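Residue-level listing of the chains:
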Amino acid sequence: GDSVTQMEGPVTLSEEAFLTINCTYTATGYPSLFWYVQYPGEGLQLLLKATKADDKGSNKGFEATYRKETTSFHLEKGSVQVSDSAVYFCALSDLGDNKLIFGAGTRLAVHP
Amino acid sequence: EPEVTQTPSHQVTQMGQEVILRCVPISNHLYFYWYRQILGQKVEFLVSFYNNEISEKSEIFDDQFSVERPDGSNFTLKIRSTKLEDSAMYFCASSPDGGNQKLFFGSGTQLSVL
């Protein structure tokens, strides 16, 4: 079945460092891809999404590009802030399916 | 900004007891979901609910689980006889139109079964 694999955390960075969180997927169809973020004490929030190959999702300085050839959707940010400390979840949803399949989440800790 | 509200934030129960996890979805949303995350594992889909009936459920959602929208505002998940392996964070979500692009999650209920 469909699945999502993302890099294990925690990822610990200094403020203004470059961030990459790897995500790869397995899907039988042509899925939409998502990154969700969970800040401490809050629910999961949609960070960005991409619905077709080579689409780039972006929000709040974060970017991810839908790479069909490598089945990847890596999350990047050029300069992280302390306020980016959270758990990041990669997810997919197959065409016509309204449920999400998540990865295990990657905790990011950014220090001043 | 409207949000999905879940109560309680943390529930402790004894094995074999019934628990009800409560959620108040965003008021004009029509589709409702439960997901769970066992510590250190992936967030897993449990069930989706639309028009007062289950529209899809996973293998995890066996006869011990049930969902209900009792009064037009609350959306509940009941576990009839809890097991140790039911310990997890349970997330409620709602969507205005069933599309996966517009899913709003609550902050979760941490269920601990002792």
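For the structure itself, look to the data block above.
A. Representation of the overall build of chain A in the model. Broken down by element type, chain A carries 0 helices and 12 strands. The linear arrangement of helices and strands in chain A, starting from the amino end, is β-β-β-β-β-β-β-β-β-β-β-β. Since a compact globule built from 112 residues should have a radius of gyration of about 13 Å, the 13 Å found for chain A is in line with a globular shape. If one aligns the C-alpha atoms of chain A with their principal axes, the spans along those axes are about 40 × 25 × 20 Å. For chain A, with 112 residues in total, the buried portion stands at 47%. Taking as baseline every contact in chain A between residues at least 6 positions apart, the subset at least 24 positions apart corresponds to 55%. For chain A, the exposed area adds up to about 5,200 Å²; of that, 49% sits on carbon and sulfur atoms. Once the 9 positive and 13 negative side-chain charges of chain A are each reduced to a mean point, those two points are 4 Å apart.

B. Region of interest: the state of the cysteines. All names here are of chain B. Applying the stated criterion across every chain, the model contains 2 disulfides over all chains. Here Cys23 connects covalently by a disulfide to Cys92, the sulfurs 2.0 Å from one another. Here the disulfide of Cys23 and Cys92 is left-handed, its torsion about the S-S bond being about -65 degrees. Of this pair, Cys23 sits in strand β3 (residues 19-24) while Cys92 is found in strand β9 (residues 88-95), placing the two residues 69 residues apart along the sequence. The two residues Cys23 and Cys92 agree in class, both being buried.

C. Inspection of the sheet that holds β3 of chain B at higher detail. All names here are of chain B. Here we have 4 strands laid out as an open sheet, ordered β1-β3-β8-β7, and antiparallel in their pairing. The two strands at the open ends of the sheet, each matched to only one other strand, are β1 (5-7) and β7 (65-68). For this sheet, the mean angle separating the axes of adjacent strands, direction not counted, is 20 degrees.

D. Region of the structure containing the pairing of strand β2 (residues 11-14) of chain A. Residue and element names in this part refer to chain A. Of the two faces of β2, the one lined by Val11 and Leu13 is fully buried and the one lined by Thr12 and Ser14 carries no buried residue. In this structure, β2 lies alongside strand β12 (residues 106-111), joined through 4 bridges in parallel fashion. The partner of Leu13 across the bridge, within β12, is Val110.

E. Region of interest: unusual backbone geometry. All names here are of chain A. Between Gly9 and the following residue, Pro10, the backbone shows a cis peptide bond with an omega angle of -5 degrees. Take Pro10: it is sitting in the loop between β1 (3-6) and β2. Positioned with a positive phi, Lys60 is a non-glycine residue whose angle comes to about 55 degrees.

F. Local environment of the interface of chain B and chain A. Counting residues at the interface gives 18 residues for chain B and 23 residues for chain A. Buried area between chain B and chain A, summed over both chains or domains, comes out near 1,700 Å², and the portion from carbon and sulfur atoms is 51%. Between chain B and chain A we count 1 salt bridge in total. The salt bridge involving Glu56 of chain B is made with Lys99 of chain A; its shortest N-O contact spans 2.7 Å. For the interface between chain B and chain A, the tally reads 4 residue pairs in polar contact (both at pLDDT 80 or more). Looking at the side of chain B that touches chain A, the elements that each hand over two or more residues are β4 (31-37) and β5 (43-50) of chain B. It is β4 of chain B that provides the largest number of residues to the side of chain B that touches chain A, a total of 4 residues. For the side of chain B that touches chain A, the per-class residue count stands at 8 nonpolar, 8 polar and 2 charged.

Rules of the game
- Residues numbered from 1 in each chain as written.
- Chains lettered and ligands numbered in written order.
- Predicted model: local features only at pLDDT ≥ 70, side-chain atom pairs only at ≥ 80, totals over all residues.
- Heavy atoms only, no water.
- Helix = DSSP H or I, 4+ residues; strand = E, 2+ residues; numbered from the N terminus.
- Rg over C-alpha atoms; globule rule 2.2 N^0.38 Å.
- Buried < 20%, exposed > 50% of the residue type's maximum accessible area, 1.4 Å probe, protein only.
- Contact = heavy atoms within 4.5 Å.
- Areas by Shrake-Rupley, 256 points an atom, 1.4 Å probe, with all protein chains shown as cover.
- Lys, Arg positive; Asp, Glu negative; His and termini not counted.
- Charge placed at Lys NZ, Arg CZ, Asp CG, Glu CD.
- Disulfide = S-S within 2.5 Å.
- Pairing = 2+ DSSP bridges.
- Axes fitted to C-alpha atoms, helices over the stretch in contact; angles between N-to-C directions.
- Buried area = accessible area lost by both parts, 1.4 Å probe.
- Salt bridge = Lys/Arg side-chain N within 4 Å of Asp/Glu carboxyl O.
- Polar contact = N/O pair within 3.5 Å; in protein donor to acceptor, adjacent residues only side chain to side chain.
- Nonpolar A, V, L, I, M, F, W, Y, C, P; charged D, E, K, R; others polar.

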